[in-house]
Each structure stands twice: as C-alpha cells, then as structure tokens.
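# Examining the three-dimensional arrangement
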Amino acid sequence: MGLISSLKKAFSKPYTTVSVAEAKDLLSSGVVLIDVRSAQEWRSGRAPQAKHVPLDRLQTSTAGINKNKPVIAVCASGVRSASAARLLAAQGYQVYSLRGGMSAWRAAGEPVR
C-alpha cells in the first residue's frame, strides 16, 4: 500500500455522517437509533425511537446493541455521536452519526418526548 493510500485509510472516517432527513429515511428501514448523551440530557428530551446508551457505558460495552442492524448514534451536537460511531465501527457495526445531534433534530421539527 502506498503512502497516500495509507494516509487516506488512517484519516478516513469508519462511519457515515447523516442529516436528519437521511436519518429519518434510515430509521424507517429498521436502523436502530442510540442516544449517547448523559442521563440528564436524555431526560431533557429525546427522539421517541431512541435507545439510551451513554457514551461512557458504550466505551466498555455495546449494551446489547444488535450487530446485525445498522446503528445511528445521536448526542447533543454531533461530537460524542462521532466518537460513539468510531467505537462501534471498530467493533464491526455499520454505523452512522447524526450531524448536528439533537439540536438539528429539534430544529428540523422532529418529535421529542
């Protein structure tokens, strides 16, 4: 493998970043949504279909997340979900990170409970 190929591989994202609209399409096809925010953030409002798996917990366990289904990670703004997506991708999951997190979800007028 050449130097350029090695660098591209080293710096490429092992997951895909998706918009709210893309996430909605994926969710309608059976993708699992995991919310990696803290318990306090989770209680302040979440996407109705989300499963709560805080990032710190995800660092030690995949918490029963089905490896046979793609996963979308969401946080408040997109930073922690990108970390979660990297962790899951390294374990063989097909994973996405929601660009803009719950802030984008709310701004798009999507339901929050």
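Residues numbered from 1 in each chain as written. Predicted model: local features only at pLDDT ≥ 70, side-chain atom pairs only at ≥ 80, totals over all residues. Heavy atoms only, no water.

## Considerations on the pairing of strand β2 (residues 32-35)
- Relative to strand β4 (residues 71-74), β2 is paired through four bridges, and the arrangement is parallel. In the strand pairing of β4, D35 is matched with V74.
- The pairing of β2 with strand β3 (residues 50-52) spans three bridges and is parallel. Bridge pairing links D35 to H52 in β3. (Pairing = 2+ DSSP bridges. Helix = DSSP H or I, 4+ residues; strand = E, 2+ residues; numbered from the N terminus.)

## A look at helix α2 (residues 20-28)
- Turning to α2, its buried residues are V20, A23, L26 and L27. Viewed along the axis of α2, the buried residues span an arc of 120°, placing them on a single side of the element. Across from the buried face of α2, at angles greater than 90 degrees, the exposed residues are A21, D25 and S28.
- For α2, the secondary structure elements touched by its buried residues are β1 (16-18), β2, β4, β5 (95-98) and α6 (101-107).
- Phi for G30, located one or two positions after α2, is positive at around 100°. (Buried < 20%, exposed > 50% of the residue type's maximum accessible area, 1.4 Å probe, protein only. Arc of directions from axis to C-beta. Contact = heavy atoms within 4.5 Å.)

## Describing the sheet that holds β4
- If you walk across this open sheet you meet the five strands as β1-β5-β4-β2-β3, and the pairing is parallel. At either margin of the open sheet sits one strand with a lone partner, and together these are β1 and β3. Within this sheet the neighbouring strands show an average axis-to-axis angle of 35°, counted without direction.
- The sheet contacts of helix α5 (residues 79-90) involve β2, β4 and β5, and relative to β5 the element is tilted by about 175°. (Axes fitted to C-alpha atoms, helices over the stretch in contact; angles between N-to-C directions.)

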